[in-house]
Amino acid sequence: MSVPKRCNRCILPNSCDLIPFDSDGTCKLCKAALTENPPAQQTADPQMSLNDHIERIRQKGKGRKYDCVVGVSGGRDSTYLLSLLVKRHQLRCLAVYYRTPFTSKTIDTNIRRIVRQLGVDFEEIQLSQEYHRKIARKMVLLWKKKAHRLIINLACGPCKLLNREMYRIAHRHKVPTILYGTNIYEAVQIAPGISKKQAVVRGGAQVSSVTRKIKSMFSLMSSGAQLLVEFPGLIRYLWLGVKSSVLYISPHTFYLGLRYPGIKTFNYFYDGRWDEEDCQTTLNELGWERPPGCNTSWKADCSFSEIKNKMLHQTIGITYADAFFSNMVRAGAMSRQEALQRIETEGKISEQRLREVQDILELDDRFWD
Ligand SMILES: [Zn+2]
């Protein structure tokens, strides 16, 4: 396999057919970043510091059992967030967790032990693992017939339903704030599943106006309609498609805001700095372990990400790690040299984990032939 050529500023491979490259070998995202503020510096409200936000969350939580609901997957960033909220900010958290069919035993054990260690109350989301597995399997088989990036995204549809569950749980316990540990370098500018147009205009995605939210809702509906034209059989999954995109694709959709007006969401790492070294030190102190065969701590919570990366690479020429490291380089959080070095190991698809996912999905041995 030949080594892919990469953007000369970040490390985006030029095999990525979502992002155009200039003739000088620089990707459009880097070109745009030269003239705009790096998205990592955009915050929910530039007038407020992280401590102001935390204080506001604490005030709103007064007289209630919890200050906030926190989504935890057992993965690196959400575990780090939970520890920061409890130890650094002394917030009273209710940790909410869903064990997916692709959550390894190591990750599951990590989170159950760590919440006890931190003295945090814990609630599990009851979503059928078998339903989740069936949807993922169906979409992977459909992708095999005709590779389309939106089919890859639909495989992750069941996880989008968790956004609604988080609101439901917060509502039930009368908790006014839901906190997320979304990694800013993962969420801005490019996720490999978004379109060329979205990829170029996107930036500080969570800090969006109502107009932007409505526009995004219509854009999702139009992508869904196009997909139905190409895959008429998907009509059976229409409702899942609507729920996992238009209604609950993120915790910040127009619909969720309308449905639960008393509940606010806050992305901690959009205002608080996500410091990889501090994150790793915290995880070590907590005794967090990486699942066997996993090449990176990032996305270690979901073994489906291995097959997703493989499908994304074959469909649009890029993996999540390519996008993630490129975002970090572009935002000045990592040197290009370090990113190039790390992508060699951390960007590799783990054969062991891929095998595990294939077994869970009951895929044929000759699936990739
Ligand atoms: Zn670039």
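Residues numbered from 1 in each chain as written. Predicted model: local features only at pLDDT ≥ 70, side-chain atom pairs only at ≥ 80, totals over all residues. Heavy atoms only, no water.

## Considerations on the coordination of the zinc ion
Each protein donor to the zinc ion is listed here as Cys7 (SG), Cys10 (SG), Cys27 (SG) and Cys30 (SG); together their distances run 2.3 Å. All donor residues of the zinc ion come from one chain, and their arrangement in sequence is C-x2-C-x16-C-x2-C. (Donors = N, O, S within 2.8 Å, 3.2 Å for Na, K, Ca; no water.)

## A few points about unusual backbone geometry
Leave glycine aside and you will find that most residues have negative phi; peptide bonds, for their part, are mostly trans. Phi is positive for lysine 299, which is not a glycine, with a value near 65 degrees. Its place among the elements puts lysine 299 in the loop between α14 (276–286) and α15 (304–316). A residue is classified by how much of its surface remains accessible, and lysine 299, at 22% relative accessible area, is partly exposed. Residues other than glycine seldom take positive phi values, yet glutamate 362 does so here, at roughly 50 degrees. Structurally, glutamate 362 can be placed in the segment after α18 (351–360). (Helix = DSSP H or I, 4+ residues; strand = E, 2+ residues; numbered from the N terminus. Buried < 20%, exposed > 50% of the residue type's maximum accessible area, 1.4 Å probe, protein only.)

## Describing a positive patch on the surface
On the surface, a cluster of positive charge is contributed by Arg56, Lys60, Arg64, Lys174 and Lys264. You can see lysine 174 is positioned in the loop between α7 (157–172) and β4 (177–180). You can call lysine 174 exposed: its relative accessible area is 58%. (Patch = residues over 30% accessible without salt bridge, like charges linked within 9 Å, V, L, I, M, F, W, Y side chains within 5 Å. Areas by Shrake-Rupley, 256 points an atom, 1.4 Å probe, with all protein chains shown as cover. Salt bridge = Lys/Arg side-chain N within 4 Å of Asp/Glu carboxyl O. Lys, Arg positive; Asp, Glu negative; His and termini not counted. Charge placed at Lys NZ, Arg CZ, Asp CG, Glu CD.)

## Quick word on the pairing of strand β3 (residues 121–124)
Where strand β2 (residues 93–97) and β3 come together, four bridges link them in parallel fashion. The residue of β3 that forms the bridge with alanine 95 is phenylalanine 122. Of the crossover connections in this fold, the one passing from β2 over helix α4 (residues 105–118) to the parallel β3 is right-handed. (Pairing = 2+ DSSP bridges. Right-handed = clockwise from strand over helix to strand, strands pointing away.)

## Things to note about the sheet that holds strand β1 (residues 68–72)
Taken in spatial order, the five strands of this open sheet run β3-β2-β1-β4-β5, and their pairing is parallel. In this open sheet, the two strands that pair with only one neighbour each are β3 and β5 (264–267). Averaged over neighbouring strand pairs, the angle between their axes works out to 30 degrees when direction is ignored. Judged from the four bridges that link them, β4 and β5 form a sheet pairing that is parallel. Paired with leucine 179 across the strands is phenylalanine 266, a residue of β5. Of the strands in this sheet, β1, β4 and β5 touch helix α2 (residues 50–61), which is tilted by about 150 degrees from β5. Along the sheet, helix α3 (residues 76–88) contacts β1, β2 and β4; its crossing angle with β1, the most-contacted strand, is approximately 155 degrees. (Axes fitted to C-alpha atoms, helices over the stretch in contact; angles between N-to-C directions. Contact = heavy atoms within 4.5 Å.)

## Thoughts on the pattern of salt bridges
All told, the structure shown has 26 salt bridges when counted by the stated rule. With its nearest N and O atoms 3.0 Å apart, the salt bridge here joins aspartate 24 to lysine 31. For lysine 31, a relative accessible area of 27% puts it in the partly exposed group. Notably, a salt bridge pairs glutamate 130 with arginine 133, separated by 3.0 Å at the nearest N-O pair. Taken together, the positions of glutamate 130 and arginine 133, both in helix α5 (residues 129–145) and three residues apart, correspond to about one turn of that helix. On the accessibility criterion, glutamate 130 (37% relative accessible area) is partly exposed. What makes arginine 133 buried here is its relative accessible area of 14%.

## Focus on the side chain of glutamate 165
In this fold, glutamate 165 is placed in helix α7. A polar contact of 2.9 Å, which involves the side chain of glutamate 165, links it to the side chain of arginine 164. (Polar contact = N/O pair within 3.5 Å; in protein donor to acceptor, adjacent residues only side chain to side chain.)

## Details of the packing of aromatic side chains
What the rule picks out here adds up to 11 aromatic pairs. Measuring from centroid to centroid gives 4.8 Å for phenylalanine 367 and tryptophan 368, while their planes differ by 90 degrees, and the two rings are edge-to-face. The exposure class assigned to phenylalanine 367 is buried, which follows from its relative accessible area of 4%. Using a relative accessible area of 23% as the deciding quantity, one classes tryptophan 368 as partly exposed. Here the aromatic cluster, defined as three or more aromatic residues joined through ring pairs, consists of Tyr185, Trp274, Trp298, Phe324 and Phe325. Directly above the ring of phenylalanine 367 sits lysine 144, whose terminal nitrogen or CZ lies 5.2 Å from the centroid. Over the ring of tryptophan 368 we find lysine 310; its NZ or CZ atom is 4.8 Å from the centre of that ring. (Phe/Tyr/Trp six-rings, centres within 6.5 Å; stacked < 30°, edge-to-face > 60°. Lys NZ or Arg CZ within 6 Å of the ring centre and 35° of its normal.)

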